[in-house]
Amino acid sequence: MTYWAVNAVFLSIVAVLGVLALVTAGVRGRAARASSSPAERSRRRREQLLGAGLATGVLLVMTAVFDNVMIGIGLVGYDAARISGVFVGIAPLEDFAYAVAALVLLPSVWVLLGGPKTPRAPAAPAAGGSTTVEEARS
Amino acid sequence: MGFVYLAALLVSLFGMVMLDRRFRLFFWRDVPRAAVTLLVGVVFFLVWDVVGIDLGIFFRGETSFMTGVLVATELPLEEVFFLTLLCYLTMNLLAAARMAAAVVLDRRDASSTQAGRSVDGVAS
């Protein structure tokens, strides 16, 4: 079995959880969406997309940098026969599956663990803008 | 020298905790929910690692940077901390990026409103 074959199995599990989380968030957010204006909804969507894109970019770059360092100093080795041979520096491309999986799996588990959305009184606006983030992401 | 990698991971994890506390990113939003999320993530990636090791895809490197303590065949103690760091970083990063996105969009909206006003000013 190749590295990509193993990744395919685990990424499939992550994808299923991701879809489940999206559906769950969609069902839970229905009431909130009904009471918000189209402008608010569009703003929220842009915020979600920009945030996710930003985090993805940063984590993939960090993976490229640190994976290269970790392989470079000899923390981990690979069987050349089981990897595709596509590298980012000296890091097998397959390693990036961990970062991609983390970006989908963890927020999905977080969403699935959250109870049904109960209307909360807006918290005191502490620490610049964190309340919007908390409410939007919980 | 065997503690270099473990120490680096612990320092990084400490940084994650400090950032989490300062900006309320993960555990400081909901402790039990964050704890379960982190645990699920770490266990999931450990299983992935063990499968990869069993199939001989990757293996522990011979290096003096690690303690040599193994939690399973070819699975160094350090890997548990690395995966914890990966999961903690991911959740901190997602929350922080969302905050940054809010700031960027606020600024953009504010500047476009201003631009709109000055255009009105010229027109009138």
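Residues numbered from 1 in each chain as written. Chains lettered and ligands numbered in written order. Predicted model: local features only at pLDDT ≥ 70, side-chain atom pairs only at ≥ 80, totals over all residues.

Draft legend 1. Up close: the overall build of chain A. Assigned secondary structure in chain A consists of five helices and three strands. Taken over 138 residues, chain A has a buried fraction of 25%. Put simply, 72% of the contacts in chain A that link residues at least 6 apart link residues at least 24 apart. (Helix = DSSP H or I, 4+ residues; strand = E, 2+ residues; numbered from the N terminus. Buried ≥ 20, exposed ≤ 12 C-beta atoms within 10 Å, placed from the backbone. Contact = placed C-beta atoms within 7 Å.)

Draft legend 2. Geometry of the confidence of the model for chain B. Residues of chain B with pLDDT of at least 70 account for 92%, and the chain-wide mean is 92. Quick note on the complex model: pTM equals 0.87, ipTM equals 0.90. (pLDDT = per-residue confidence, 0-100.)

Draft legend 3. Structural detail: the interface of chain A and chain B. Across the boundary between the two partners, chain A contributes 38 residues, which contact 41 residues of chain B. Among the residues forming the side of chain A that touches chain B, the class breakdown is 24 nonpolar, seven polar and seven charged. Looking at chain direction, strand E1 (residues 76-78) of chain A and strand E1 (residues 58-60) of chain B are connected through three bridges and run antiparallel. Note on E1(B): the bridge partner recorded for Gly77(A) is Phe59(B). (Nonpolar A, V, L, I, M, F, W, Y, C, P; charged D, E, K, R; others polar. Pairing = 2+ DSSP bridges.)

Draft legend 4. Spatial organisation of the packing of helix H1 (residues 3-28) of chain A against helix H4 (residues 96-113) of chain A. Residues and elements named next belong to chain A. The geometry of H1 relative to H4 is characterised by a closest axis approach of 8 Å and an angle of 35° between their N-to-C directions. As for the relative orientation of H1 and H4, their crossing is left-handed in sense. The residues of H4 that touch H1, namely those facing Asn 7, Phe 10, Leu 11, Val 14, Leu 17, Gly 18, Leu 20, Ala 21, Thr 24 and Ala 25, are Ala 97, Ala 101, Val 104, Leu 105, Ser 108, Val 109, Val 111 and Leu 112. Of the residues belonging to the contact of H1 with H4, the class tally is 14 nonpolar, four polar and no charged. (Axes fitted to C-alpha atoms, helices over the stretch in contact; angles between N-to-C directions. Left-handed = near helix turned anticlockwise from the far one by under 90°.)

Draft legend 5. Expanded view of helix H1 (residues 4-23) of chain B. Residue and element names in this part refer to chain B. With 20 residues, H1 extends 29 Å from end C-alpha to end C-alpha; this agrees with the ideal 28 Å at 1.5 Å per step. Here H1 has its buried residues at Tyr 5, Met 16 and Asp 20. All buried residues of H1 lie within an arc of 50° about the axis, which places them on one face of the element. Across H1 from its buried face, at more than 90 degrees, point the exposed residues Ala 7, Val 11, Phe 14, Met 18, Arg 21 and Arg 22. Arg 24 occupies a position one or two residues after H1 and carries a positive phi of about 50°. (Expected span 1.5 Å × (residues − 1). Arc of directions from axis to C-beta.)

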